Amino acid sequence: AMKKTDMIKHDMSSMMGKPTFETTSEGLHIKAWLMTQKEHKKMMKDMKGQMKMHEEMEDSMGHKGMKENGMGMDKDEKEKKHESMGMDKDMKEVMMSGTHAIMLDVIDNVTGKEITNATANILIVSPSKKNTSVDLKNMMNHFGSGLKLKEKGDYQLTVNIIAGGVSKTTQFRYIVK
């Protein structure tokens, strides 16, 4: 029994596969995907391909006629549509920087909706016990950033989400091989 809203909701898991880490903490369901930039680039390419396919399907489904009499989306609107996907140039640079990329999906357990009006950051303790803190950018309906995980070994990651004035923290480990 799929609810209509589930079908419409752009589901991260269907695009990204199994999360690296998943937890339910204090009413929030948090999923994190951590991957190398190589994997990330491949995924971005696949997602772009899916979007392009989707657009081409829309085009072939008779939107062409609309364009000719000026009712279609002009270039600005098309760009806005892509920006609303949350990837402007700066954002892309942030996401593609470093050695790895992280994406975070935060869902309110009560409403089942993705929480977007929150701030998120991640504290990284490297295998040699160096601390770095990275602010995650809010994109579309998730948070993300590029990370520099240069050392091999065991990382301790602490995700801190501030939603509705309440701070929620969750930890997970990640091993760089």
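A quick note: this is a predicted structure, and the numbers were derived from the prediction, not measured. (Residues numbered from 1 in each chain as written. Predicted model: local features only at pLDDT ≥ 70, side-chain atom pairs only at ≥ 80, totals over all residues. Heavy atoms only, no water.)

Here we look at the nonpolar core
Our working rule: We call a set of buried Ala, Val, Leu, Ile, Met, Phe, Trp, Tyr and Cys residues a nonpolar core when their side-chain atoms join them within 4.5 Å. Under the scheme applied here, a residue whose accessible area is under 20% of the maximum for its type counts as buried, over 50% as exposed, and between as partly exposed, the area being computed with a 1.4 Å probe on protein chains only. Only DSSP runs of H or I reaching four residues or more are called helices, and only runs of E reaching two or more are called strands; each is numbered from the N terminus. We call two residues in contact when some of their heavy atoms are within 4.5 Å.
Formed by 26 residues in total, the largest nonpolar core has its most connected members in Leu104, Ile122 and Ile161. For this core, the element with the most residues is strand S7 (residues 153-163), which contributes 5 residues. Not counting the four nearest positions on each side in its chain, Ile122 is found in contact with Ile102, Thr132, Ser133, Val134, Leu136, Leu147, Leu157, Thr158 and Val159. The next biggest cluster of nonpolar side chains, apart from the first, holds 10 residues, and it includes Met16, Met35, Ala101 and Met139.

Side note on the environment of Gly153
For Gly153, the location among the structural elements is in strand S7. In this structure, Gly153 is in contact with Pro127, Tyr174, Ile175 and Val176, ignoring residues within four places of it in sequence.

Topic: the environment of Val125
Within the fold, Val125 resides in strand S4 (residues 118-125). Residues Val125 and Leu149 lie 24 residues apart in sequence; the distance between their C-alpha atoms is 9.7 Å. Leaving out residues up to four positions away in the same chain, Val125 has contacts with Lys130, Asn131, Asp154, Tyr155 and Gln156.

Points about the sheet that holds strand S1 (residues 21-25)
Selection criterion: A pair of strands is considered paired only if DSSP assigns at least 2 bridges between the two. Fitted lines through C-alpha atoms serve as axes, helices being fitted only where they are in contact, and the angles separating the N-to-C directions of these axes extend from 0 to 180 degrees.
The strand order across the open sheet built from 8 strands is S1-S2-S3-S6-S5-S4-S7-S8, with neighbouring strands paired in antiparallel fashion. Among the strands making up the open sheet, the edge pair consists of S1 and strand S8 (166-176). Strand after strand, the sheet turns through a mean of 25° between neighbouring axes, direction not considered. Strand direction decides the pairing type here: S1 and strand S2 (residues 28-36), joined by 5 bridges, are antiparallel. Looking at S2, one finds that Phe21 is bridged to Ala32.

Some words on unusual backbone geometry
In this structure, Lys129 takes a positive phi of about 65° despite not being glycine. Looking at where Lys129 falls in the secondary structure, it is placed in the loop between S4 and strand S5 (131-139).

Remarks on the confidence of the model for the chain
Quick note on the threshold: A residue's pLDDT is the confidence the predictor assigns to it, expressed on a 0 to 100 scale.
Averaged over every residue, the pLDDT of the chain is 81; residues scoring 70 or more account for 78%. The lowest-confidence element of the chain is helix H1 (residues 4-8), averaging 42 in pLDDT; the highest-confidence one is S4, averaging 95. Throughout residues 65-70 the model reports pLDDT below 50, and contacts reaching past four residues in sequence, or to other chains, amount to 5 contacts. Within the model, the stretch residues 78-84 combines pLDDT values under 50 with 11 contacts to residues more than four positions away or in other chains.

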